[in-house]
Amino acid sequence: MTHVKLTDSRYTRYADDLVVCCHSRQQAEQVKAQLARWLGPRGLAFNDAKTRSVLLFEGFDFLGFNLRRYPNGKLLIKPGAMAIKRFRRRLAKEFRALRGSNVAAVLAKIVPIVRGWVAYYRTVVSSRVFHVLSDYLWRLTYKWACWSHQNKPKRWIADRYFRRFEKSRSDRWVFGDKDTGAYLPKPAWTDIVRHTLVKGGASPDDPALAGYWAQRRQKVKPPLDSYTVRLLSRQDGRCSLCGENLLTPDQPPQSPQGWEHWFLGVVKKAIKADYLVRHDAPGAARSQRTHLVHATCHRHITRSAGNTVMQQTA
């Protein structure tokens, strides 16, 4: 697609999906015919069921987002209605499948799903949607808790699964595990971080701009809780044990599922909060502050400490 010249129009492509912005419906038909001529010799064609020309005031969906220019003249990008519907259906399905499981299993399954979806949509106009989804999640968790303890009174259920897990917030209706302190973060807590516009004509396929794209990726604020972000900033993003980067700067995920896997693979498995006091050298200043370390580094230190204790005991 990078070799197609479209006169006086702009197009955006992701994989096999594309949007072309034109000045008139007539121009849109001309561009479609031009693209069809380019696709034909390559054995490709438009999917007529998914291809249409619409006015920007009507709005259209692209990659799970809805783009529309409203009567006040503002162009707003929001989560698409179908994307929201699919997400709600998935949450309801997952909670039904988790009936009979304990709260730890529920959190292990649901938290990455919620964090992944919210991370994908946090750069657009999503605040209202996030608040609605927070209410929906509360109903799902409460329904799951009531089903798991059908013979218990509602107050007992509320005291067992809901409390003020997030100390920096006054919300006491947060679902979580009172034994471990793990909890389900609410989508409404997510800060909206606007997408930084790309310089005109800058293409990720241009080798000469590799440095520009790498710098952009490094400036992306990771979609983590504020406490973890503060620890990362304080440590300059590096492990306090080995000194290497905790989060390798790479291309951010491009879908809710990609963010979900990112949370499972990068955050859950690669980073661990270390609450123990470490001394790099005898007489070093004592620090009680929490550190973020690689999970592998933490396991190595733990095994080494265990072996040392065994040798001293012997």
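Structural notes, computed from the coordinates. (Residues numbered from 1 in each chain as written. Predicted model: local features only at pLDDT ≥ 70, side-chain atom pairs only at ≥ 80, totals over all residues. Heavy atoms only, no water.)

1. Looking at helix α5 (residues 154–161)
Thought 1: I157, A158 and Y161 are the residues of α5 that are buried. Along the long axis of α5, the arc covered by the buried residues comes to 100 degrees, so they all point the same way.
Thought 2: If you follow the buried residues of α5, they end up packed against α3 (103–121), α4 (127–148), β6 (162–163) and β7 (174–175). (Buried < 20%, exposed > 50% of the residue type's maximum accessible area, 1.4 Å probe, protein only. Helix = DSSP H or I, 4+ residues; strand = E, 2+ residues; numbered from the N terminus. Arc of directions from axis to C-beta. Contact = heavy atoms within 4.5 Å.)

2. Quick word on the pattern of salt bridges
Pairs may arise between side chains of opposite charge once their charged atoms sit close together.
Thought 1: A full pass over the atoms with the stated rule returns three salt bridges.
Thought 2: Between E260 and R90 there is a salt bridge; the shortest N-O distance is 2.9 Å. Within this pair, whereas E260 is found in helix α8 (residues 256–270), its partner R90 is found in helix α2 (residues 81–97), the two being separated by 170 residues in sequence.
Thought 3: On the basis of relative accessibility, which here comes to 10%, the residue E260 falls in the buried class.
Thought 4: The partner of K186 in a salt bridge is D171, with the nearest N and O atoms 2.5 Å apart. Of this pair, K186 sits in the loop between β7 and α6 (210–219) while D171 is found in the loop between β6 and β7, placing the two residues 15 residues apart along the sequence.
Thought 5: If you follow the salt bridges from partner to partner, you end up with R90, E94 and E260 in one network. (Salt bridge = Lys/Arg side-chain N within 4 Å of Asp/Glu carboxyl O.)

3. Remarks on the environment of C297
Thought 1: Topologically, C297 is positioned in helix α9 (residues 295–313).
Thought 2: Of the residues examined, C297 reaches a relative accessible area of 16% and is grouped as buried.
Thought 3: Considered as a pair, C297 and C239 are 58 residues apart in the sequence and their alpha carbons are 8.5 Å apart.
Thought 4: If we ignore the near neighbours within four places in the chain, the residues touching C297 are C239, L241 and C242.

4. Section: unusual backbone geometry
Thought 1: Although it is not a glycine, L63 sits at a positive phi angle of roughly 55 degrees.
Thought 2: Along the chain, the position of L63 falls in the loop between β3 (60–62) and β4 (65–69).

Everything listed here is a matter of coordinates, which is why it stays silent on function.
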